[in-house]
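Descriptive structure summary
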Amino acid sequence: MAIFRKGRPVAEPLGLGGEGVLPNLYDLAIFILVAGVFVLIAHGAHEMTAPAARLVAEPITLDPANLPEYALRTTLRMFAAIIVSLLFTFVVATFAAKSRTAELVIVPALDILQSVPVLGFLTFTVVFFLGLFPGSEFGAECAAIFAIFTSQAWNMAFSFYQSLRTVPRDLDEVSRHFQLSPWLRFWRLEAPFAAPGLIWNTMMSMSGGWFFVVASEAITVGDTTVKLPGIGSWLAVAIDAKDIHAVILAVLVMAAVILAYDQLLFRPIVAWADKFRFEQTAALQRPRSWVYDLWRRGKVVRRVSPAIGWIAARISRLPLGFARAARSARPAPNSRTSRLRNRLWLLAVLAVVAYALWRIALFTRASLSAEDLLAAIGFGLLTLSRVVVLIALASVIWVPIGVWIGLRPWAATRVQPVAQFLAAFPANVLFPMAVVVIVREHLNPDIWLSPLMVLGTQWYILFNVIAGASAFPTDLREVSTLFRLRSWQWWREVILPGILPYYVTGALTATGGSWNASIVAEVASWGDTKLRAAGLGSYIADASAAGDYPRVVLGIGVMSVMVVACNRLIWRPLYRLAERRFRLD
Amino acid sequence: MNTAASALVEVDRVRQLYPKGSGEDLLVLDDVSLGLRNNEIVSLLGRSGCGKSSLLRIIAGLMPASEGKVSIGGRTVAGPAHEVAMVFQTFALFPWLTVLENVEIGLEALRIDSAERHKRALAAIDLIGLDGYESAYPKELSGGMRQRVGLARALVVHPKVLLMDEPFSALDVLTAETLRTDLLDLWSEGRMPISSILLVTHNIEEAVLMSDRILVFSSNPGRVVAEIPVTLPMPRNRLNPAFRQMVDDIYALMTAKPAGKQAQGVFPGTGISMVLPRVSPNLLAGLMETVAAEPYKGHADLPALAGPLHLEIDDLFPVAETLQFMRFAELAEGDLRLTDAGRRFVDLDPDGRKRLFAQHLLAYVPLAAHIRRVLDERGAHHAPASRFRDELEDHMSEQFADQTLRSVTSWGRYAESFAYDEATGVFSLDNPS
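Keep in mind that this is a model prediction, so the values were computed, not measured.

Notes on the packing of helix H4 (residues 143–155) of chain B against helix H5 (residues 173–188) of chain B
Residue and element names in this part refer to chain B.
- Across the interface, H4 lies against H5 with an axial gap of 9 Å and an inter-helix angle of 30°. As judged from the angle between their axes, H4 and H5 are roughly parallel. Crossing of H4 over H5 shows right-handed handedness. Contacts from Gly143, Gly144 and Gln147 in H4 reach Thr175, Thr178 and Leu179 in H5.

Written out as structure tokens, the structure is:
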């Protein structure tokens, strides 16, 4: 998050670079596959509910002395998830980049999975993992970590895949020319080249992840309630007890944790990773980090660093990579056999898709009717209209402010880290405060619960617009000043086209986040007062709480389709327009 | 071609084809044979797109030849070979590794232990004049210094043959000259652990300055059209009359009309499926003005023209050939002579120039005439670019089709023969008068 970037977004948002607007058959097939997997897990989870119910977790108490430990547990969960995400990234993205057949499935799957509201899926995973480790807290831990993982992994994997696919041709030739083993090639070429994009995406993932860690610690599925020790559970207990002081305490601790993670972990990494930027010219403005500077200046550390470097060098030179794979110039694949292999592969995919379709039909026919589908779509449209109105409102507010800040370097350097901090801050920690106000003032929940959906996500718009305005070329600004462009003309013809790619990136992230947030934002409680706004989010939340798996699957399916449709029909064309017409380099 | 048994590198009837979407494959190298002996510098001289870089990559084992074979020291090449090391036009340094680490990378891949690796890398850095820069990152170095790193990295693995792919073309004139001189000094003093050098270049003077033999490549498809031994004593002087004469002769050779081809045939392909070079109308007008003015007065010697304008043959030839193609000039024996139309063009005002250009465009560029005809025939005077792109792609690669379409669009816009809307991808007669 808190990285002040002057350049363009390191990697384009997932899937925006794609060609077509309309979904093709392949998308449909992948979508069915993903849905099929959900159905299977839901089915499995259903079977496992019974043993899970026996879990008795250690109760959460609102004793401030426990809060540091809870914060630590939350942070550890977060790191466990990021490590799993990184492993997933290295394996899956490498596989997709090296194998054409794997690529055909993995890349569209990443695109769809990133649009699936994973929060709604939490119920299955909790039950599933509780079933795997009956009666132990470990299952619940796994479920929470898995939930965070599913919110983080996709864009990281996609970024890494994209980097692997765009390794500069001359460096690829050098590596092949000097016959670097695949292992050495990975450490000398691929990993360093992918590092900036991957680190940026990991930061974005983590800033989204705080939201999920809070949401996934305290979960009620049917009659099973799991509360893992952590800030999220503390918050849930505080809400039940109507303890506003405990809520405020949680907000403060959360802020401290995020600040520490940013200053102690990510800034140093970003400052260090600056050397991997693929540029042949020295940049004027480099990312700085006081921790990194300390590290480099410290006396002890200066002894330690070479040791780490030595170990890293040894690892990179390990005789792995199956001798020196003389990957000669790839021989032109025999078109006949490769065509046959492609056909077989296609056939296999089709067979699995057919099986998935059959499972879905079986699953839904038993308990769902056409009315259910219509109801879900109706609720979906309600939530859609909320998202649209709120993102539009947030844009109207934050775009002018972001431009104003971005064009003033002194303001940008101060505000940008704050905006990125706010984007990382899990807005659901703040929800209880808003709910208290709504309850006290007897406001209409259908309207007043809605802003919670963009509470945490609007900042993505702000900091992307700031980045865009900061990168706007001075000469173009000077020209428009010289020609005395009037203000409306200046907005329409100069600055808005200039920041459009950045704005689209920010708005896309914000929209996706808002859909996810709707699942926790449309239903809120304060003690025994329950507030709900009609919408797809509350539909999924209610169905989860009741353990009604078919309706959860239906809700998630409808939401995924809407998110994908939004991306394809609005953001992707806009992004392509911005790329084609308003490129500034 | 001398392909004696003693040859260090032997290229035997290599052909290289690139598969196209439709139609027959694109022939890049046609039946190329050559031999590289011990202790010589050989230049492969040709224009961009003649396949000389592909040939170098085939020799290096970076890509397989479609037909024919390459052997080094008697062994057939199948995959990257240890006996050769390559220097890249773009330097191809790892920006995240220091100079020392960049130089060591080839040794690392060979699993040479760290003390030995260090010793050899430092020796190479020393040899190439990079002392003191061991811990610098490439982005801190100038272009010339970076190419020295590329050279050290190639030499440190002790190859028999050094392959150089236009190693000086990304450098400014002075830096390139310094580096050439340094390389020749090291070579003549025998301080580099190599037996011979194969240099790919499009710079005629560079080839004459550095090599013992020059192999001149033709374009489309690439084949060796001449082998020229250079016997001038080293170090060579560019102002020496014999040097100048040789440069002139090579210019003449490279602008000679190939036997059996019509004047039409300057560009590959025929009729509307001709591959057109990317040359802006401004450049065409600029060259005509230069040739019409003092001291050339309508008749210029290409080497003399290239020198003061700092034009490489890759910049100059396409412009000159386009002028010839549109009958604004004649190109022969290394000379460019304006036609009457060319002289008239220079004297006209901007509108008159456009009208004359339009006449020649529609008369001599079949694709432009074709587009105009289609637009005239259609009631709405609109036609999508994809229609023409598809036609072109039946005969050429996607990339060439794109280039050809862009060229004809830019010429048509200048001549106001037709308009093109980038957003919709549609040709029209909307704004022409």
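Alright, that's what it looks like, and here's the rest.
Things to note about unusual backbone geometry
- Here the bond from B:Met234 into B:Pro235 is cis, since omega is -10°, no more than 30 degrees from zero.
- Looking at the element boundaries, B:Pro235 is found in the loop between strand S10 (223–229) and helix H7 (241–255).
- If you check the backbone angles, A:His442 has positive phi at about 55° while not being a glycine.
- Classification of A:His442 by C-beta neighbours within 10 Å gives exposed; the count is 7.
- A positive phi angle, near 45°, is found at B:Arg13, a position not held by glycine.
- Mapped onto the elements, B:Arg13 comes out in strand S1 (residues 9–18).
- Judged by local crowding, B:Arg13 falls into the partly exposed class, with 13 C-beta atoms found within 10 Å.

A word on the packing of helix H7 (residues 182–217) of chain A against helix H8 (residues 231–240) of chain A
All names here are of chain A.
- Contact geometry of H7 with H8 gives a least axis separation of 7 Å together with a crossing angle of 55°. The orientation of H7 relative to H8 falls into the category oblique. With respect to the hand of their crossing, H7 and H8 are arranged in right-handed fashion. Mapping the contact onto sequence places Val213, Val214, Ala215, Ser216 and Glu217 in H7 and Ile231, Gly232, Ser233 and Leu235 in H8.
- Across the contact of H7 with H8, the residue classes tally to 5 nonpolar, 3 polar and 1 charged.

Structural notes on the domain arrangement of chain A
All names here are of chain A.
- One can read the domain layout of chain A as domain 1 (24–287 + 339–365) and domain 2 (368–585).
- Each of domain 1 and domain 2 was reduced to a C-alpha centroid, and the two centroids are 21 Å apart.
- For the side of domain 1 that touches domain 2, the elements supplying multiple residues, two or more each, are helix H1 (25–52), helix H3 (100–115), helix H4 (118–132), H7, strand S1 (218–221), H8, helix H9 (244–273) and helix H12 (335–367).
- If one sorts the elements of the side of domain 1 that touches domain 2 by residue count, H9 sits on top with 8 residues.
- Of the residues assigned to the side of domain 1 that touches domain 2, the class counts are 25 nonpolar, 10 polar and 3 charged.

Notes on the environment of B:Ala293
- Looking at where B:Ala293 falls in the secondary structure, it is placed in the loop between helix H8 (281–292) and strand S11 (299–301).
- A C-alpha to C-alpha distance of 54 Å links B:Ala293 and B:Ile105, two positions 188 residues apart in sequence.

Some details on the nonpolar core
- Residues A:Ala157, A:Leu235, A:Val465, B:Ile59, B:Ala152 and B:Leu163 are the most contacted members of the largest nonpolar core, which totals 283 residues.
- Setting aside residues up to four positions removed in sequence, B:Ala152 forms contacts with B:Val103, B:Ala124, B:Ile125, B:Ile128 and B:Leu130.

What counts as what
Residues numbered from 1 in each chain as written. Chains lettered and ligands numbered in written order. Predicted model: local features only at pLDDT ≥ 70, side-chain atom pairs only at ≥ 80, totals over all residues. Axes fitted to C-alpha atoms, helices over the stretch in contact; angles between N-to-C directions. Helix = DSSP H or I, 4+ residues; strand = E, 2+ residues; numbered from the N terminus. Parallel < 35°, antiparallel > 145°, perpendicular 65-115°, else oblique. Left-handed = near helix turned anticlockwise from the far one by under 90°. Contact = placed C-beta atoms within 7 Å. Buried ≥ 20, exposed ≤ 12 C-beta atoms within 10 Å, placed from the backbone. Nonpolar A, V, L, I, M, F, W, Y, C, P; charged D, E, K, R; others polar. Domains from an automatic or database assignment. Core = buried A, V, L, I, M, F, W, Y, C linked by C-beta atoms within 7 Å.

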